Amino acid sequence: MQRWKQYGGLAGLFAAFLAAGYWGFTATGGALPWAKRSAQALQRGVQESGGALVDFGRGIVVAGPIRKGGMMLEFGGLVLLLVVLGVGMYVYVDRYGGFEDGDRQAR
């Protein structure tokens with residue numbers, strides 16, 4: 001495939017997704033609903049407590065819905081899977097020198 005076709009296809013895809021994102025942003029009212037919710041949450045947090053945003057003294061910081069929904073086992077399994085995958089890829093690339101068979105020359 002020629003380079004201009006690749007870049008043209010990528011630019012077309014980017015433009016399509018940009019247009020879809022802009023349409024979704026305007027169709028849902030833009031940032032206004034999120035700004036109102038964020039302001040309410042911040043004001044409620046300031047009124048109710050005033051503690052630290054992140055408190056490492058309480059242990060691992062996990063989002064409330066995960067902790068309260070009883071999904072800690074699933075969350076821990078997912079974290080463990082990602083750690084094993086990351087370490088495995090690191091060892092593979094270190095041992096075998098990459099994912100490709102031969103050295104490729106840039107054209």
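How each quantity is defined
In every chain, residue numbers begin from 1 and rise along the written sequence. Side-chain atom pairs in this predicted model are given and counted only at pLDDT of 80 or more, local residue features only at pLDDT of at least 70, and totals for whole chains, interfaces and linings cover all residues. Heavy atoms throughout the structure, all of them, feed into the side-chain values; hydrogens and water do not. Counting from the N terminus, the helices are the DSSP runs of H or I reaching at least four residues and the strands are the DSSP runs of E reaching at least two. The method behind every accessible area is Shrake-Rupley, applied with a 1.4 Å probe, and residues are considered shielded solely by the protein chains displayed. The span expected for a helix works out to 1.5 Å for each residue beyond the first. To count toward a patch, a residue needs a relative accessible area above 30% and no salt bridge. Like charges then connect within 9 Å, nonpolar side chains (Val, Leu, Ile, Met, Phe, Trp, Tyr) within 5 Å. For this document, the term salt bridge refers to a Lys or Arg side-chain nitrogen within 4 Å of an Asp or Glu carboxyl oxygen. The buried label applies to any residue whose accessible area, calculated with a 1.4 Å probe on protein chains only, is under 20% of its type's maximum; exposed applies above 50%, and partly exposed to all values in between.

A. Up close: the overall build of the chain. Summing up its helical and strand segments, the chain has four helices and zero strands in all. For the chain, the exposed area adds up to about 10200 Å²; of that, 65% sits on carbon and sulfur atoms.

B. Structural detail: helix 4 (residues 72–96). Over its 25 residues, helix 4 runs 36 Å from end to end, which matches the ideal 36 Å to within 8%, given 1.5 Å per residue. Two residues or fewer past helix 4, Gly97 is found with a positive phi of approximately 80°.

C. Fine view of helix 1 (residues 3–27). Taking 1.5 Å as the rise per residue, helix 1 with 25 residues should run 36 Å; its terminal C-alpha atoms sit 36 Å apart, in good agreement. Positive phi shows up at Gly29, right after helix 1, with a value of about 100°.

D. Highlighting a nonpolar patch on the surface. A contiguous nonpolar surface patch, about 610 Å² in accessible area, is contributed by Met72, Phe75, Val79, Val83, Val87, Tyr90 and Val91. Among the structural elements, Phe75 can be located in helix 4. Residue classification places Phe75 among the partly exposed positions, given a relative accessible area of 31%.

Honestly, that's just the spatial picture; any functional story needs more than this.
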